[in-house]
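# Inside the fold
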Amino acid sequence: MKTPANWHRNKGESLKMNDKLRSESVDQLFKGILELRTVEECYSFFEDLCTIGELVSMSQRFEVAKMLKEGQTYLAISAKTGASTATISRVNRSLTYGNDGYDIVLARMKDEDKQ
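### Focus: the packing of aromatic side chains
The description of an aromatic ring pair uses the distance of the two centres, along with the angle that the planes make with each other. Under the definition given, this model contains one aromatic pair. Between Phe45 and Phe46, the ring centres sit 5.4 Å apart and the planes meet at 85°, which makes this aromatic pair edge-to-face.

Here is the structure:
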């Protein structure tokens, strides 16, 4: 994992974001999500789990990540998605210093499109 220098603990250990959220209940949530088989099942589950605003925010960040990976500018991304430059910057920081989650999903989706 790539981490900025200011994300280190006093003892010099790398601080991963998932260290803060890893728990049995989060594991159960992720295992539940992995049981979903169709987009319609995802709609049903996430509409029950999240507010509309939360879903819109997540989908916006995902679209921003895709556009950043395509090399689009902040201005173009903001115009298309309505995302603020702060949101675009946060997503860009995740792409650069994060756990490669966006990269994994986007690469797999790209591979599926080729088939």
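### Here we look at the pattern of salt bridges
Charged atoms that come close allow side chains of opposite charge to pair. Summed over all chains, the structure comprises two salt bridges. Between Lys69 and Asp103 there is a salt bridge, and its shortest N-O distance comes to 2.8 Å. Placement of the pair is Lys69 in helix H4 (residues 52-69) and Asp103 in helix H7 (residues 101-114), with a sequence separation of 34 residues.

### Side note on the packing of helix H5 (residues 74-81) against helix H6 (residues 85-97)
Viewed as axis vectors pointing N to C, H5 and H6 meet at an angle of 115°, and their least axial separation amounts to 10 Å. The two elements H5 and H6 meet at a crossing, and its hand is right-handed. Residues Tyr74, Ile77 and Ser78 of H5 pack against Thr85, Ile88, Ser89 and Asn92 of H6.

### Brief notes about the layout of surface pockets
A probe matching the size of a water molecule, rolled over the atoms, marks out where space remains unfilled. Each pocket or cavity is described by its volume, and for the largest pocket that value is around 2100 Å³. Lining the largest pocket we find 39 residues, and of these Ile33, Phe46, Met58, Phe62 and Val105 sit closest to its centre. Residue contributions to the lining of the largest pocket peak at seven residues, all from helix H2 (residues 24-34). Class assignment of the residues belonging to the lining of the largest pocket gives a composition of 22 nonpolar, seven polar and ten charged. If you add up the space inside the second largest pocket, you get close to 270 Å³. Residue lining of the second largest pocket: Phe62, Glu63, Lys66, Lys69, Glu70, Asp103, Leu106, Ala107, Met109, Lys110 and Asp113, and that is the complete set. Of all the secondary structure elements, the ones that give two or more residues to the lining of the second largest pocket are H4 and H7. A per-element tally of the lining of the second largest pocket places H7 first, with six residues. For the lining of the second largest pocket, the residue count by class is four nonpolar, no polar and seven charged.

Rules behind the numbers
Residues numbered from 1 in each chain as written. Predicted model: local features only at pLDDT ≥ 70, side-chain atom pairs only at ≥ 80, totals over all residues. Heavy atoms only, no water. Phe/Tyr/Trp six-rings, centres within 6.5 Å; stacked < 30°, edge-to-face > 60°. Salt bridge = Lys/Arg side-chain N within 4 Å of Asp/Glu carboxyl O. Helix = DSSP H or I, 4+ residues; strand = E, 2+ residues; numbered from the N terminus. Axes fitted to C-alpha atoms, helices over the stretch in contact; angles between N-to-C directions. Left-handed = near helix turned anticlockwise from the far one by under 90°. Contact = heavy atoms within 4.5 Å. 1 Å grid on protein atoms, 1.4 Å probe; cavity = no way out; pocket = protein on both sides within 12 Å on 5 of 7 lines; lining within 4 Å. Points joined across faces, edges and corners; volume = space filled by probe spheres on them. Nonpolar A, V, L, I, M, F, W, Y, C, P; charged D, E, K, R; others polar.

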